[in-house]
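Results of the structural survey
The primary structure of each chain is shown beneath.
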Amino acid sequence: MRVIILFTVLLTGISSCTSHKAALPAIRPFAFNDSGMQVITTIINEKSGEVAMLYGNPAAMAGHFNQLATPQPGAQYKLVTYREQANQFWFGSDINGELLRVETVDMPPVTSGKAPAYSLQNYNGDQYTPADAGERATFIPTIDRAWYPCDPH
Amino acid sequence: MKIANKRSLTGIIAGIAVLATAAFSFTTTVADHPPVTGDLDAPEAVKQIFQHACYDCHSNTGQVQWFDRLPGVASFVSRDIREARKHLNFSEWDRLSAAEKEGALWQAYNMINSGIMPLPAYKTLHRNATVSASELATLRNYLNTRRKAVPAVAGKTVTDTLTTPATLPVAATGIRFMPEFRTWQVMSTTSRFDNTTMRVMFANPIAMQAIKNKQIHPWPDGAIIAKVVWEKERDSEGYIHPGKFLNVQYMVRDQQRYKDTGGWGYAKFETPALKPYGTVLTAQTCASCHKAAANTGGIFDLSTFN
């Protein structure tokens, strides 16, 4: 009888390991909507524990692909910064966590004679403000793009 | 025949069956013991944890219990040991490259931490295989000493050429390279410190909708995740950017077509030439590792409220 009970326990255990269904973890909502913009590059700041994704609209992407010296009029850039956090599912990896800020740069028409427009939206208690918004607006469009295969797509 | 005699005969037959089972159990060879060519090279405290949790199956020196030899059970145990050794054999550690050793250590930790390994059924009957919270901390502390840092480079090293192959390559699993991932939404971005890579994950509209609806147990057919991998490059100010492009990986959900790999099809395209990597068997390895992400339907890189 003991052998039969042991057998039952063993087979139950073996079958249970193949039918494991775990509870769904709390996945972060996607706070940033790219609205069809493409990723230009990713920048990690290990000192501040942040990671930023730089997006561009079609005019901004064209400027990068054609290696234009200055951004095209109508180009829009969004630098989206997240706090980095440990990846819950892989020790050995950090992942983007809560959204901290979105910096937007709009390139005006050449004829307007205006400087690039800079705007900032902070989230989740982020206190960042640029020391010089104009300098920031000049800098963001000059960040090098990452190499993606099959670009432009 | 009298009832007493019948009972006696039944008892004798049962006794013979028990004796035969016991004899079979003590003489059955569940696993052979090839020579140890080179054991795991790690601090003793770390090694002891792997020894009691993993070595029964993942080494040439494992000891099986008497009940592992029972008829019906022995074949399961034997199969598990064969499979385990194929995947990772601590007794043949010397046969792994330096990169493979590193990868195996981090993967072993993550498999244990996720509860996938040791196998739950195995742990039920082999209590000594359980890894305690303090032992997990010991492993983490050890791995933290093996974090990979990225040195600064003087200037940009990435070749800025554009390529579009005339024909899109196809992997052994039948998955073609899909450049349209560039129009999909970003699912997440990760920075690895178990190696020196950084990644951006894109989700196609079906996958993104499934995440938003929290319907990823299981993921719907048609969901696709693309992962782009680069070497990290540190600039003179300390910021890290994507450097040398390494590969693009895809996971394609089709429960029927990819039922042998957990419902996910795997593909990897390496170097700017987008050379398909691996065989159908490679996908089995991918699926095996992705079991550690069972909580999210096999996807590692989803950001959560930690």
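Refer to the structure presented above.
Described in the following lines is the structure provided in the data block. Keep in mind that what you see is a predicted model, and the values were worked out from it rather than measured.

1. Concerning the pairing of strand β4 (residues 240-253) of chain B
Here is the key point about a regular strand: its side chains alternate between the two faces of the sheet. Residue and element names in this part refer to chain B. Within β4, 10 of the 14 residues are buried, which leaves it mostly tucked inside the rest of the structure. Examined bridge by bridge, strand β3 (residues 224-234) and β4 share 10 bridges and lie antiparallel to one another. The residue of β4 that forms the bridge with I225 is M251. What sits between β3 and β4 in their antiparallel hairpin is a turn of 5 residues, with G238 showing a positive phi close to 100 degrees. Bridge analysis of β4 against strand β5 (residues 264-270) gives 7 bridges, and the strand direction is antiparallel.

2. Description of the environment of B:I206
Inspection of the secondary structure assignment puts B:I206 in helix α7 (residues 205-212). When neighbours within four sequence positions are excluded, B:I206 is seen to be in contact with B:P220, B:D221, B:G222 and B:A223.

3. Here we look at the packing of helix α4 (residues 98-113) of chain B against helix α6 (residues 133-144) of chain B
All names here are of chain B. Across the interface, α4 lies against α6 with an axial gap of 11 Å and an inter-helix angle of 155 degrees. Taken together, the axis directions place α4 and α6 in an arrangement best described as roughly antiparallel. Like other packed secondary-structure pairs, α4 and α6 cross with a definite hand, here left-handed. Every residue of α6 that contacts α4 at L105, W106, Y109, I112 and N113 is listed here: L136, L139, R140, Y142 and L143.

4. Focus on the packing of aromatic side chains
Residues and elements named next belong to chain B. The full count for this structure, using the stated rule, is 21 aromatic pairs over all chains. Taking 5.9 Å as the distance between ring centres and 75 degrees as the angle between the ring planes, the aromatic pair formed by Y250 and F269 counts as edge-to-face. With Y250 in strand β4 and F269 in strand β5, the pair connects residues that are 19 residues apart, well separated along the chain. Residue F269 is classed as buried on the basis of its relative accessible area, which comes to 0%. Positioned above the aromatic ring of F193 is the side chain of R147, whose terminal nitrogen or guanidinium carbon lies 3.7 Å from the ring centre.

Cut-offs used in this document
Residues numbered from 1 in each chain as written. Chains lettered and ligands numbered in written order. Predicted model: local features only at pLDDT ≥ 70, side-chain atom pairs only at ≥ 80, totals over all residues. Heavy atoms only, no water. Buried < 20%, exposed > 50% of the residue type's maximum accessible area, 1.4 Å probe, protein only. Helix = DSSP H or I, 4+ residues; strand = E, 2+ residues; numbered from the N terminus. Pairing = 2+ DSSP bridges. Contact = heavy atoms within 4.5 Å. Axes fitted to C-alpha atoms, helices over the stretch in contact; angles between N-to-C directions. Parallel < 35°, antiparallel > 145°, perpendicular 65-115°, else oblique. Left-handed = near helix turned anticlockwise from the far one by under 90°. Phe/Tyr/Trp six-rings, centres within 6.5 Å; stacked < 30°, edge-to-face > 60°. Lys NZ or Arg CZ within 6 Å of the ring centre and 35° of its normal.

Remember that the coordinates give geometry; whether it matters functionally is a separate question.
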